[in-house]
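What the coordinates show
So you can see what is in the structure, the chains are spelled out below.
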Amino acid sequence: MKAICWYGKHDMRVEEVSDPKILNPRDAIVRVTLTAICGSDLHLYNGFVPTMEKGDILGHEFMGEIVELGSAVKNLNVGDRVVVPFCISCGACFFCQKGLFSLCENSNPNAVEAAMLWGHSPAGLFGYSHLTGGYAGGQAQFVRVPFADVGPIKIPQSLTDEQALFLSDIFPTGYMAAENCNIQPGDTVAVWGCGPVGQMAIRSAFLLGAQRVIAIDSVPERLRMAEKGGAETIDYDEVDSVLDVLKDKTGGRGPDSCIDAVGMEADGHGVQYRYDRAKQALMLETDRPIALRQAFLACRNGGTVSVPGVYGGLIDKVPFGAVMNRSITIKTGQTHVQRYTRPLLERIQNGDIDPSFVITHRLQLDDAPEAYEIFKHKQDDCIKVVLTP
Ligand SMILES: NC(=O)c1ccc[n+]([C@@H]2O[C@H](COP(=O)([O-])OP(=O)(O)OC[C@H]3O[C@@H](n4cnc5c(N)ncnc54)[C@H](O)[C@@H]3O)[C@@H](O)[C@H]2O)c1
Ligand SMILES: [Zn+2]
Ligand SMILES: [Zn+2]
């Protein structure tokens, strides 16, 4: 089969690799019909995630048709059309039982390595380095799905692939980010980053009752899409201080909650940005927490900072005094996707939202090297790329 393989920083190749096989009775083999590139894949593409190996198959946002089932999977049939959550979860362990699916303690075979870096190990993830299991991902024609009796969700024929695909990641991710804000009537939510995750967070915040959403980015077409979703916007390139503008917009008090949908590769300007770039280059800091610092400082007293943006390791100059002295709650995590697939499928069916609004580019799996470049550099007004194998 064909698959997108990682060969190093900015080196993705479409290669012929062996077809996946059923290894365990709870596995399924899915023939991928649609897959996407995520902002998280850019962290791999840009070489910020350790333990990648040449030839690793990428991709954690995918859907398709079940073509083979292990003997223990009783709730699915060959021929079913499914979306697969990006986290691999057994459904039975301490964490899965609590609905904390991205913390499953049975799905990361490299848990010891992960615990060395993070203290404890999270779940295994599709196509996301050996630290999270080394699983082959779904930017391929076929993929092996472990614990297929738990993760995949059947999609009704009334929905197109494009409408359903983002149940695998970015819709639940934006939704969990907003849910973590514990939004109350009248609340104002600020969202850093108007990439696909930010866009889903903006719309989810309104679905969950926010009165106002203020979105921050510097990319014009992304800000325009945020406005279409009902947000007020701040172009951080056009203002002296994002914090001052947010204060002005909220009567001096600050947003009730702040969402960092940017993560470890934040851009910016000025001394802080150059400081982070330098420290990152010297390996004295792994991530650039520019949006995170702003979110902590901007958030109103007693508010919540919700962090769907991915961080990998160590960050510097984080104003933790602000967090402690002003009673700020931090909520974060890889998304517990399995918790959201059913209720959010209902939201799509009800017409509350059609997540395909975010798609700007439709390409073939063979175009992967170009697709990664277009998405990374936001060329041609690119916001989200989907690929057909
Ligand atoms: N928690 C999860 O489970 C989960 C799931 C999916 C993605 N993510 C993460 O969410 C983040 C966003 O993903 P995406 O697909 O939207 O990526 P993306 O790279 O397309 O979007 C990031 C956006 O942030 C903007 N940005 C950069 N610096 C900024 C700054 N200082 N202030 C405001 N905006 C800034 C960029 O212009 C861009 O539009 C990534 O870190 C990704 O890894 C997390
Ligand atoms: Zn993702
Ligand atoms: Zn589990």
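In this text the structure is predicted, and so the values were computed from the model without any measurement. (Residues numbered from 1 in each chain as written. Chains lettered and ligands numbered in written order. Predicted model: local features only at pLDDT ≥ 70, side-chain atom pairs only at ≥ 80, totals over all residues. Heavy atoms only, no water.)

Structural notes on the overall build of the protein chain
In plain terms, the rule: The way it works is that DSSP assigns letters per residue, a run of H or I at least four long becomes a helix, a run of E at least two long becomes a strand, and they are numbered from the N terminus. With the radius of gyration taken over C-alpha atoms, the globule rule is written as 2.2 Å times the number of residues to the power 0.38. Throughout, a residue-residue contact means that at least one pair of heavy atoms, one from each residue, lies within 4.5 Å. The sign given to each residue is positive for Lys and Arg and negative for Asp and Glu; His and the chain ends receive no count. To locate a charge, take atom NZ for lysine, CZ for arginine, CG for aspartate or CD for glutamate.
Helices and strands together make up the secondary structure of the protein chain, namely 13 helices and 18 strands. Radius of gyration (C-alpha) of the protein chain: 20 Å, near the 21 Å computed for a compact globule of 389 residues. Taking contacts inside the protein chain between residues at least 6 apart in sequence as the whole, the part at least 24 apart equals 71%. Looking at the protein chain, you have 36 positive and 47 negative side-chain charges, and the mean spots of the two groups are 4 Å apart.

Overview of the coordination of the zinc ion (ligand 2)
The criterion, for reference: Sites may look incomplete because water is not among the atoms; the donors themselves are N, O and S atoms within 2.8 Å of the metal, or within 3.2 Å for Na, K and Ca. Only protein chains enter the accessibility calculation, which uses a 1.4 Å probe. A residue is then buried if its area is under 20% of the maximum for its type, exposed if over 50%, and partly exposed in between.
Of the protein atoms, only C38 (SG), H60 (NE2) and D169 (OD) coordinate the zinc ion (ligand 2), at distances of 1.8 to 2.3 Å. Each donor residue of the zinc ion (ligand 2) belongs to the same chain, with the gaps between them written as C-x21-H-x108-D. On the criterion of sequence distance, the pair formed by C38 in the loop between β3 (28–36) and α1 (39–45) and D169 in the loop between α4 (161–164) and α5 (170–179) is long-range, its members being 131 residues apart. For C38, a relative accessible area of 3% translates into the label buried. Of the residues examined, D169 reaches a relative accessible area of 4% and is grouped as buried.

As for the sheet that holds strand β4 (residues 56–57)
Paired through backbone hydrogen bonds, the strands of a sheet run either parallel or antiparallel to each other. Going by this rule: Pairing between strands is defined by DSSP: at least two bridges between them are needed. Axes, fitted as lines to C-alpha atoms, cover a helix only where it is in contact. Angles between the N-to-C directions of the axes lie from 0 to 180 degrees.
Pairing in this open sheet of three strands is antiparallel, and the strands run β2-β1-β4 from one edge to the other. Both edges of this open sheet fall to β2 (12–16) and β4, since each of them pairs with a single strand only. Across two bridges, strand β1 (residues 2–6) lies against β4 in antiparallel orientation. Paired with C5 across the bridge in β4 is I57. In this fold helix α13 (residues 368–377) packs onto β1 and β2, with an angle of close to 155 degrees to the strand it touches most, β2.

Here we look at the site of ligand 1
Filter applied, for reference: We call a residue near a given molecule or strand whenever any one of its heavy atoms falls within 4 Å of it. For the purposes of these results, a polar contact is taken to be a pair of N or O atoms within 3.5 Å, where, inside protein, one atom must be able to donate a hydrogen and its partner to accept one; residues adjacent in sequence count only when each atom of the pair is a side-chain atom. Using a 1.4 Å probe, accessible areas were evaluated by the Shrake-Rupley method; residue-level cover was limited to the displayed protein chains.
In the neighbourhood of ligand 1, 31 residues make up the surrounding shell, with S40, H43, D217, D267 and P308 lying closest. At 3.0 Å from an oxygen atom of ligand 1 is found a main-chain nitrogen or oxygen belonging to V197. Here a nitrogen atom of ligand 1 and a backbone polar atom of D267 are 2.8 Å apart. In the complex, 96% of the free accessible area of ligand 1, which totals 870 Å², lies under the protein chains. Sorting the residues of the shell around ligand 1 by element identifies α1, α6 (196–207) and β12 (212–217) as the ones contributing at least two each.

Examining the packing of helix α8 (residues 242–249) against helix α10 (residues 290–298)
Operational definition: Left-handed is the label given to a crossing in which the near helix is rotated counterclockwise from the far helix by less than a right angle, and right-handed is the label when the rotation is clockwise. Any residue that is not Ala, Val, Leu, Ile, Met, Phe, Trp, Tyr, Cys, Pro, Asp, Glu, Lys or Arg is counted as polar, Gly included; the first ten are nonpolar and the last four charged.
Put simply, α8 and α10 touch, their axes get as near as 10 Å, and they point 35 degrees apart. Of the two elements, α8 crosses α10, and the hand of that crossing is right-handed. Residues V242, L243 and L246 of α8 form the contact with α10, whose participating residues are Q294, L297 and A298. Along the lines of polarity and charge, the residues of the contact of α8 with α10 split into five nonpolar, one polar and no charged.

Quick notes on the coordination of the zinc ion (ligand 3)
Heads up, the condition is: A site with four donors is called tetrahedral when every donor-metal-donor angle falls between 85 and 135 degrees; four donors are called square planar, and six octahedral, when opposite donors sit more than 155 degrees apart and all other angles fall between 65 and 115; any other arrangement is irregular.
Only C90 (SG), C93 (SG), C96 (SG) and C104 (SG) from the protein reach the zinc ion (ligand 3) as donors, at distances of 2.4 Å. For the zinc ion (ligand 3), the four donor atoms are set out with angles of 104 to 117 degrees between them, so the coordination reads as tetrahedral. Under the relative-accessibility criterion, C90 is labelled buried at 3%.

Examining the pattern of salt bridges
Selection rule: The salt bridge definition used is simple: a Lys or Arg side-chain nitrogen within 4 Å of an Asp or Glu carboxyl oxygen.
One pass over the full model with this rule turns up 17 salt bridges. With a shortest N-O distance of 2.8 Å, R31 and E65 are connected by a salt bridge. Taken together, the residues R31 in strand β3 and E65 in strand β5 (residues 61–69) connect sequence positions 34 residues apart. The partly exposed category is assigned to R31, whose relative accessible area is 33%.

A word on empty space enclosed by the protein
Our working definition: We place a 1 Å grid over just the protein atoms. Points where a 1.4 Å probe fits but has no way out form a cavity, open points with protein on both sides within 12 Å along at least 5 of 7 lines form a pocket, and any residue with an atom within 4 Å of a point lines it. Grid points are joined across faces, edges and corners, and a volume is the space filled by probe spheres set on the points.
Applying the stated criterion across every chain yields a total of two cavities of 30 Å³ or more. Considering only enclosed or pocket space, the largest cavity measures out at about 40 Å³ in volume. Taken together, V84, P85, C87, I88, S89, F126, V145, P146, F147, V150, G151 and Q338 make up the lining of the largest cavity. Quantified by volume, the second largest cavity comes out at close to 40 Å³. Mapped by element, the contributors of at least two residues to the lining of the second largest cavity are α5, β15 (304–307) and β16 (329–332). Examining the composition of the lining of the second largest cavity, we find that three residues originate from one element, α5, more than from any other. Looking at side-chain class alone, the lining of the second largest cavity contains four nonpolar, six polar and one charged residues.

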